[in-house]
Structure formats: C-alpha cells, structure tokens
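These are the residues of each chain, in order.
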Amino acid sequence: MKRVRWDYVILGTLLLYPVLPWEWAALLGSDLRTIFIFAILALGLNVVVGYSGLLQLGIAAFFGIGAYATGILTVPQFPFQIGFWPAVAAATLIAGVAGVVLAAPALRLRGDYLAIVTLGFGEVVKFAIKNLESITAGTKSLNPVPPPGLLGLPVNWENYRAFYYLALGFLILVTILLRNLENSRLGRAWMAIREDELAATCMGTNAARVKLSAFALGAALAGLAGSLYATTLGNTGGPDSYTFNRSITVLCFLIIGGMGSINGALLGTFVLMGYDNILTPRLDRWVQEAGSAFRFTDVKLVVFGLALILMMRFRPEGILPSRRIAMELHEEKA
Amino acid sequence: MPLLEIRGLTMRFGGLTAVNRVDIAVEAGQIFSVIGPNGAGKTTVFNAVTGIYEPTEGGIFFEGRELRRPFRRRVAVACGLIGLLTGIALALFAANVDGAWRAAVVLNYRQDPTDPFRVSKAAADLFKYLGARVLAERDINRLTDLEIREKDGSWRIRSTTNRAVLEEYPDEETAEQRLEVVRAMVNLAGSARTTIKGDGLWLARSGRQTTLWSTLEEARRHGEPEDASVKWYITAPPNTVLETAESLDAARAKLVELALRAGKLRWRLTCRAAPDVLEIVGSPDKAAEQALALEEIMTSGAEISEADGKARLLSKGDGRVLAEFESRAAAEERMNELLNVGAAARRERVIFWLALILGAAIGAGGAALVWRRARRTPDVIARSGLARTFQNIRLFPDMLVLENVLMGMDARLTTRLWQMALRTPGLGAEERRAQERALEILDFVGLRPRAQQIAKSLPYGDQRRLEIARALATEPKLLLLDEPAAGMNPSETSELMRLIQRIRERGVTVLLIEHHMKVVMGISDRIAVLDYGTKIAEGTPEEVRANPRVVEAYLGKEDLG
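These lines cover the structure that appears in this document, whether it is placed above or below. Bear in mind that the values here come from a model prediction, so they are computed numbers and not experimental data.

**Here's the deal with the interface of chain A and chain B**
Listed by partner, the interface residues are 47 residues for chain A and 57 residues for chain B. Summing the contributions of chain A and of chain B, the shared interface buries around 4700 Å²; its carbon and sulfur component is 60%. When the buried surface of chain A facing chain B is broken down by residue, A:Arg185, A:Arg188 and A:Met203 rank first, second and third, together holding 18% of it. B:Arg394 serves as the salt-bridge partner of A:Asp196, at 2.8 Å between the closest nitrogen and oxygen. Counting the contacts that link chain A with chain B gives nine residue pairs in polar contact (both at pLDDT 80 or more). Contributing elements (two or more residues each) for the side of chain A that touches chain B: helix 6 (133-136), helix 7 (160-182), helix 8 (185-195), helix 9 (197-202) and helix 14 (323-333) of chain A. The element contributing the most residues to the side of chain A that touches chain B is helix 8 of chain A, with seven residues.

**A few points about the sheet that holds strand 8 (residues 154-159) of chain B**
Residues and elements named next belong to chain B. Taken in spatial order, the three strands line up as 7-8-9 in an open sheet, and their pairing is antiparallel. Both outer strands of the open sheet, strand 7 (146-151) and strand 9 (165-169), are each paired with one neighbouring strand and no more. Averaged over all pairs of adjacent strands, the angle between their axes in this sheet comes to 25 degrees, without regard to strand direction.

**A word on the sheet that holds strand 3 (residues 31-35) of chain B**
Residues and elements named next belong to chain B. Strand order in the open sheet formed by six strands is 19-20-21-3-22-23, with mixed pairing between adjacent strands. The outermost strands of the open sheet, each flanked by one partner alone, are strand 19 (386-388) and strand 23 (534-539). The sheet shows a mean angle of 20 degrees between the axes of neighbouring strands, direction not considered. Where strand 3 meets strand 21 (residues 509-513), four bridges bridge the pair, whose relative direction is parallel. Residue pairing across strands places Ile31 opposite Val510, the latter belonging to strand 21.

**A look at unusual backbone geometry**
Residues and elements named next belong to chain A. The omega torsion across Asn143 and Pro144 is 0 degrees, close enough to zero to call that bond cis. Assignment of secondary structure puts Pro144 in the loop between helix 6 and helix 7. One non-glycine residue with positive phi stands out, namely Gln81, at about 45 degrees. Positioned with a positive phi, Ala137 is a non-glycine residue whose angle comes to about 65 degrees. Here Ala137 lies in the loop between helix 6 and helix 7. According to the relative accessible area criterion, Ala137 is buried, its value standing at 12%.

**A look at the pairing of strand 23 of chain B**
Residues and elements named next belong to chain B. With five bridges joining them, strand 22 (residues 526-531) and strand 23 adopt antiparallel strand pairing. Counterpart to Leu530 in the pairing with strand 23 is Lys535. Counting the residues in the hairpin turn of strand 22 and strand 23 gives two residues, including Tyr532, whose phi is positive at 45 degrees.

**Section: helix 11 (residues 401-409) of chain B**
Burial analysis of helix 11 of chain B places nine of its nine residues in the buried class, which makes it a mostly covered element. Taken together, the buried positions of helix 11 of chain B are occupied by B:Val401, B:Leu402, B:Glu403, B:Asn404, B:Val405, B:Leu406, B:Met407, B:Gly408 and B:Met409.

**Section: the pattern of salt bridges**
If you walk through the whole model with that rule in mind, you get 46 salt bridges over all chains. Here A:Glu123 makes a salt bridge to A:Lys126, at a shortest N to O gap of 3.5 Å. One end of the pair, A:Glu123, and the other, A:Lys126, are both in helix 5 (residues 111-131), three residues apart, so they sit about a helical turn from each other. By relative accessible area, A:Lys126 is classed as buried at 12%. Here B:Asp145 and B:Arg183 are joined by a salt bridge, their closest N and O atoms 2.8 Å apart. Of this pair, B:Asp145 sits in the loop between strand 6 (134-140) and strand 7 while B:Arg183 sits in helix 5 (residues 172-190), and the two are 38 residues apart along the sequence. Taking relative accessible area as the criterion, B:Asp145 reaches 32% and is therefore assigned partly exposed. Judged by relative accessible area, which is 22%, B:Arg183 ranks as partly exposed.

**Focus on the nonpolar core**
In terms of nonpolar packing, the biggest core is built from 111 residues, with A:Phe62 and A:Trp190 touching the most fellow members. Considering every element that reaches this core, the biggest residue donor is helix 2 (residues 23-51) of chain A, with 17 residues. Filtering out sequence-adjacent residues up to four positions away, A:Phe62 remains in contact with A:Gln56, A:Ala95, A:Ala98, A:Gly99, A:Leu102, A:Phe121, A:Phe215, A:Ala219, A:Ala222 and A:Gly223. Counting residues in each nonpolar core, the second largest holds 39 residues, with B:Met409, B:Leu479, B:Ile500 and B:Val519 among its members.

**Notes on the packing of helix 8 (residues 284-300) of chain B against helix 9 (residues 328-373) of chain B**
Axis angle and axis distance: for two packed helices, these are the angle between their axes and the distance between the axes, and together they describe the pair. All names here are of chain B. Two numbers describe how helix 8 lies on helix 9: the axes approach to 7 Å, and their chain directions differ by 75 degrees. Regarding the angle of helix 8 to helix 9, the classification is roughly perpendicular. Side by side, helix 8 and helix 9 meet where Leu294, Ile297, Met298 and Thr299 of the first sit next to Arg334, Met335, Leu338, Leu339, Val341, Gly342 and Arg346 of the second. Across the contact of helix 8 with helix 9, the residue classes tally to seven nonpolar, two polar and two charged.

**Topic: a nonpolar patch on the surface**
A surface patch of nonpolar side chains, about 390 Å² in accessible area, is lined by A:Val4, A:Trp6, A:Val9 and A:Ile10. Relative to the elements of secondary structure, A:Val9 occurs in helix 1 (residues 6-16).

**Here we look at the packing of helix 2 of chain A against helix 10 (residues 207-233) of chain A**
All names here are of chain A. Running from N to C, helix 2 and helix 10 point in directions that differ by 170 degrees, and their axes come no closer than 7 Å. Judged by the inter-axis angle, helix 2 sits roughly antiparallel to helix 10. Handedness of the crossing formed by helix 2 with helix 10: left-handed. In this structure, helix 2 uses Arg33, Ile37, Phe38, Ile40, Leu41, Leu43, Gly44, Val47 and Val48 to contact helix 10, whose residues at the interface are Ala214, Phe215, Leu217, Gly218, Leu221, Ala222, Leu224, Ala225, Leu228, Tyr229 and Thr232. Among the residues making up the contact of helix 2 with helix 10, the classes are represented as 16 nonpolar, three polar and one charged.

So, how was this worked out
Every chain's residues receive numbers from 1 upward, in the order its sequence appears when written. Written order decides the labels, with chains lettered from A and ligands numbered from 1. Reporting of local features is limited, given that this is a predicted model, to residues whose pLDDT is at least 70; pairs of side-chain atoms are given and counted only at 80 or more, and all residues count toward the totals for whole chains, interfaces and linings. To get the side-chain values, all heavy atoms of the structure are used, and hydrogens and water are removed first. The contact rule is simple, with two residues in contact once any of their heavy atoms fall within 4.5 Å. Buried area is calculated as the accessible area (1.4 Å probe) missing from two parts once they are joined, with the contributions of both summed. For this analysis, a salt bridge means a side-chain nitrogen from Lys or Arg found within 4 Å of a carboxyl oxygen belonging to Asp or Glu. The definition of a polar contact used here is a pair of N or O atoms within 3.5 Å, where within protein one atom must be able to donate a hydrogen and the other to accept one, and adjacent residues in sequence count solely through side-chain atom pairs. For the purposes of this entry, the term helix denotes a DSSP run of H or I that reaches at least four residues, the term strand denotes a run of E that reaches at least two, and both are numbered from the N terminus. Here, strands pair whenever DSSP counts at least two bridges between them. To get an axis, fit a line to the C-alpha atoms, keeping to the stretch in contact for a helix; angles then go from 0 to 180 degrees between the N-to-C directions. We call a residue buried when its accessible area falls under 20% of the maximum for its residue type, exposed when it is over 50%, and partly exposed in between, using a 1.4 Å probe and counting protein chains only. Side-chain atoms within 4.5 Å are what join buried Ala, Val, Leu, Ile, Met, Phe, Trp, Tyr and Cys residues into a set we call a nonpolar core. Any angle that is under 35 degrees is reported as roughly parallel, and any over 145 degrees as roughly antiparallel; angles of 65 to 115 degrees are reported as roughly perpendicular and all others as oblique. In this count, Pro and Cys sit with the nonpolar residues alongside Ala, Val, Leu, Ile, Met, Phe, Trp and Tyr, while Asp, Glu, Lys and Arg are called charged and the others, Gly among them, polar. Every patch collects residues that have over 30% relative accessible area and no salt bridge, joining them within 9 Å if they carry like charges and within 5 Å if they are nonpolar side chains (Val, Leu, Ile, Met, Phe, Trp, Tyr). Only the protein chains shown count as cover for residues, with accessible areas throughout obtained via the Shrake-Rupley method and a probe of 1.4 Å. Handedness of a crossing is defined here by the sense of rotation of the near helix relative to the far one, left-handed for an anticlockwise turn of less than a right angle and right-handed for a clockwise turn.

Next comes the structure, spelled out in structure tokens:
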C-alpha cells in the first residue's frame, strides 16, 4: 500500500481551511495564524538548539528585536515608514546581525555558559525596550504597525484570512528553506559540531563560522517571526511579550515535539500553542457555563510542566524525533 | 626537505613539562611510528602538530613552513568593522542613546507644521545634539479642561487654564453640543499619535485604539458629510468624526491651534548636558527664538547692560537683547548658570569623541589580538593536508557512516549558502560527486556495506576504520593515527596493518602512535621513542629494538648488583 503523505494532507487542509464560512472558524483561524508565527520562531530556535546543539535561552530577544525593528520602521511617529515588505526584510536582517554580534564573542563558550550569556542578552533586550522610551515607547508599545500592502490590491486586513495566508506563506517558505539546508553541507556541519566540535574542526571545518551561521539564521528567523507578530498584532506588544518566559516556552515546543527535527518543532508548537490558545479558552467557557469557578488557564503552566516531565520520562527524544534518532531506535530493536 | 619537521618542541602545562625538546622529521612516503610507555607525551605531540595545543617552544614545519592562518585584507577589514561597532556602541552609551534618538529622529519629525524644529538632516542634528544645542520639546499640559461661560448673550467655550476663548455660539444648546467635540480635539492635539495614514485617507485617533478606514464609503458610514472631495477627518474614539478639513495640514493646524489657545501645549527647552528644563514656553515661535538665545549665551556668553532699572543680556555679536532681568545680580546668576551648562555640554562632546575613538581602538585591537592568537587552529592545519584520528574514537556518533565521511570532505566542498537554501542544480551535482567519492573511500577501508548505518552502531574495529576513512576524506598528505590498533583483536590488527600499508601506497605519509609492537615493528620505516617527554632514540625498527635505552624505558633498568 502506498504511504499517505501526511505533510501534504496537513498542508492542503491548512490551505483550504479559510474556506469555512462559520463564525467559529474565523476565531479558530486567527488562533492558527498566531500559531504559524510561533512555529517560525520555533523553527529558528531549532536551528540553534536542535541542529547545532547550542543552548540558546534568549530567542525571545531576537523575536522582540524583529518586532521592534518593524515597529520603528513603519509606525507613523517616526519618519521612516518604509512599509511592511521592506520592514520585514530589514527586521530579519537586523535580528540576524544582532545574532552575529551576540554570538561572535560568545562562541568560545559552550553549553551552560553560552546559555547564561544568551539568557543575559534576553534580559538586556527586555530592559532596553523598557527603558529606551523615545525609541520603543517604553512599556507601552509602538503602534499602529500598518498592515502590508499587496501591490495595491484592496485586501481587507480586518478579516483574519489575509494574515492567515501571509503567516502560512512565510511558514511554508521557512520550512522549505530549512529542509534544504538540513540536507546540505551546512546542515551536516551543524550536526557534526553538535556531535563533536573538536573532531569537526580537525576535519578542516571552521567551527566558529558554522556556529555563527546557525546562530545568525536562528536569530534572523526569530526576527522574521517577530516582524510578522507585530504586523498581525498592529503594535509591537510591549517589553513583556519578549521575556525569558517566552524563550523557555518556545524551547518547550522543541523538547515536546522533538529536537533537531522540523516536523517535531512544528508539531510541538501546534500541540502546546493549540492547548494554550485554542483548547483552554474553550474549556474554560464550557466549565463556566456548567457553573464552576475552575479555570484551565490558571493551571496552564502546571500542565506544561507535567507534559515536560512525562516527556522526559517516557519519550525523551520528543514526539517526532529527527530521522537519525528514529533510525537509531530502529537499529536497537533490530 | 622532510614533509613534517618538529624542531625542539616543548610543551608545558603550568609547571608540568609534558614534552621536552623533541625533534622529529618525517620524510614523505614513510610510515613513521612514535612509541613509548604511557604518559610519554606522544598524544601531546600529536595535539601540538594538529593545532589543538599551541607549542610552548619550538616550531612545527609542514612542507617547510609553519601552518598559520594567512593574513588577508578581509581580516583587517573585519577588525576595523568590529572596532567601529565597538566605538559606536561605547559612544552611544556615553551620549545616552535615548536622548540622541529623540534629537535626531523624533524631534526632526514632528507632524505638526508649526513645529520650529523640522530639520531633515537627522545625522547632522545628532552631532549638534552633542554640543550645546537647546532642544524644544512639545509638552502636554494634562490639566487643561474646557468650560462654557455666558457673556453678553453669547455662549463661549473657554479654557480653564488660561481662560482663552476658543469658540463662541449664540445659544447654550449648540455650545453644549460643541463642547465635547472641542474637548476631544484639544486632547487629540496633545496626544503624541494624532494622525495615522490609511489607504489614501488620514484619520485621527487617540490612545491605543486604532481604527483604519480603508475606503471612503466605510468612513462615510460613521456619519460623514456627503462631499466626497473632503478627504481629511479628525476623529476620536469611538469612531466619531469631530471635524473635516480640506487638507491634512489644515486638519493638523486646526488641532494645534485649538490646543495652543487652550493652553494645552507648551514647549520645554532643555539642553542635553543638563536634563533639567531650562525654560517653558507657550508658543512654538517663542520656543524657537528662545532656544537660539539660550544657545548663544551658553556657548559664547553675553554682555550685561543696565537701563531703565532692568538688566539685559546682550549678544556679543550684534547686541541683540537675549534676555531681560529685574536686577544685575539675577542676570549674572542666570548667565553663569547657562555658561556652566554650556561647559558641561562641551565636556559631554569630548567624552563622546573619546568614547568613540577609545572604543574603536579597543575593539579593533582586541579583534586583531584574538585573530592573532587563533591563527594556528586545527581547521587551518587540516585544510593544509594534515589529518588525524583520535586515541579515544571521536566520530559523529549520531550521524550516518556516509555522513561521517562527507564531513571529512566538508572543507573541500564549495557550495554557497544561497545555493544550499535554494537547492540549485549545481549543488546536487557536487553532492553526488562527493557521495561517490565518500563511498569509494568507504570501499577502500571496507565499510561500504555499512554506509547507511548510524556511526555509533558500528562495532569497535569498524569505528576505528571509519575514523581513518573520515581522515582520508580530507585528502591529506600526512595522516596521523593515534593508537589505531588499540582494542583490536589479532585478525583485525593484521587487517589494519595492511590498510596502513595501502594508505601509504596511495601516496599518503603516515605518522603513527602505537603500543602494539607487532604493528610498529611490522610496518614502520622509522621509529622514534619518547620517554617522559624526551626523545630517547630514533632509527629503523632494528636499531630501536637493539637500543638499550629503549629496553630500559620499557622494561626498567636491569639490576646488575
């Protein structure tokens, strides 16, 4: 029997989803749109943590840099106002450059030490956003971030569908790009550095350059996600959207879904964000209608933590581990 | 000329000397073995040769030259760039990023046309900002409220702050209706975000609430006038249109004028060097004039003249009146105060430039230093034609056998990032060639059937051979094998000996560390013996075997007593 190509089935479903005319479909659609954006963020982190094995705990900082770069370049209170498309490109680039600037001196560190540096950077960015009042509007957020123009086409951005397709389009693009890279020389070098940096260096691979590329790409993708996030939201979201909490949550997506695997990162994002953004509000409403004061939202972190513990105990490689790890398990059984 | 020449190599770790003045010369085409008891410093020599350690003393020459990363123009450019970045970062810290941004971007881009400081050259302003420039910043007086007062039969909307009459109506009812609208407009003008651009329409808004009307029809539904030529609306939440205007500028002017008359808007004059407000002025024209006057006193001082019981500060240049005071003492005090601020501003500027220059020097110097110290790294040496294996096998355990070998070729592949990202046809061709070559090498060591297995699932002996295959994939001239026979059984060992000989037949020189005497004596052309970090013997296998110092090192001194 021919195997079902689940990736095409899911892609098709997502592409056709906005056809559904009902009210609830629109609500769910705008939730999905946010999930797409966070999936890009998770894929970016996956390059750094999953492929290259560099523990990066400050991905939210680059997410924030992307969002604020877009904000600064498009909001009316500043003279730039370059519009969405150039701003997305610029935000991606700026976040990537920020990644290089952070990583270049920090790359001599490994493991925990690098994690501390990135964590510190995350805090620095958060406080910078908070305190640079004239640039970032402090704890308020920069707004309004205008919606994109599409070659002068009259697009109704109030409707969720436009942003849905925009986010989905970018997600597909990023997925294809990463899939190509994963199967290329660079992807191989990332994994080799993760496995044994010294051995890779002794084979003539410039480890610094490889790690830098992973860091920069991860940061750039986070910046892209941030840019889309700000545009969808209509504002830059304030410094509290880019805290350590967010970095860890995204890391959880990867751990649950499966480190170093694109499908795993996507699945992890969909499962956890789906639980958080789609399931709990609906469960809450349902419970409330039944007359109970209990709220699932309140125990969100408990559920996250429990999921992580169970995952670590029973399936440490994640739900959809990378091809390699899967093959390895297969090998042991054989 | 020997292929590899180690001259007087000494390695010290803290106070411990691991290798002491070792000389080894490996001729091309040889199989050269380094033997010695455990802890003799053999692996340390290997690590020094492959660039993992920097030699404490002595030199290592490969094909007659030391292997170091060459200095190229790119390195200098990169160091300069890093220096520039560090300098700018440091200077921004010194100059207060936030304030600089406000001076260069925000203040230059004011939406109301009455703003006196609309200069387009942001960069030029950034530098002026570092000096004694006085900045006028619009301030919002939040206490302003409006009231209705009746006088002479007409009802007037006036400001409670300065009692200025804003609008007048013949009956109370109209005035009442109008009050909320005017109040909203006064508040809008004070808000930092007064207008936003829609699709051909500019709509005013306030606070966090955003409403964007992309078509005129949509806007009309919110109670618009019929005339479609009116394109400018001043609106307030919740989406009520307050006023219409012929043009954007007219709409803005209307708002600003109302707010000005209501006493809502003020201009704060501040100097960067002194964050305290120097003066507060009620109109933009006055603010511009006053700012220039203050700047002049701060930078060049003024002459004091007394007349009609008043003391005036006069410009030193053309004698214009810059400020007026009740007494000479007050004038002097104010002038000194401003001169101090001016001096502080100059100090700030000096600090800025110092930070920039110092930062650039530190950044560029540091980058150059780091580059210099990292010139001799394993990757540079590997790319020059030296490959090695490790005593404790260091494969990429979770990667495929084939991928392990492909990693050995990594530095020889030339695809660029964009080619990889877009999967261009050129990339596919190169990948295929590399795979063919990798399979050929695997065939050579006898691992071809296992190409698609995970590396760590291989048995021990195969892992050793895979490591050799990976090293061969780098196309080395010299192969360094660190105890390749460790943990192998006799049949694997003799297979390994054949493999090493076949490697030599391929034209690769082999430098070997080995304990297994059968291997060493069986295949070596030359042997060097290390003991306690010094070379105690060198020669052909026969010579070494007969050397009493070697026997002593391995078996201990014979007690003749």
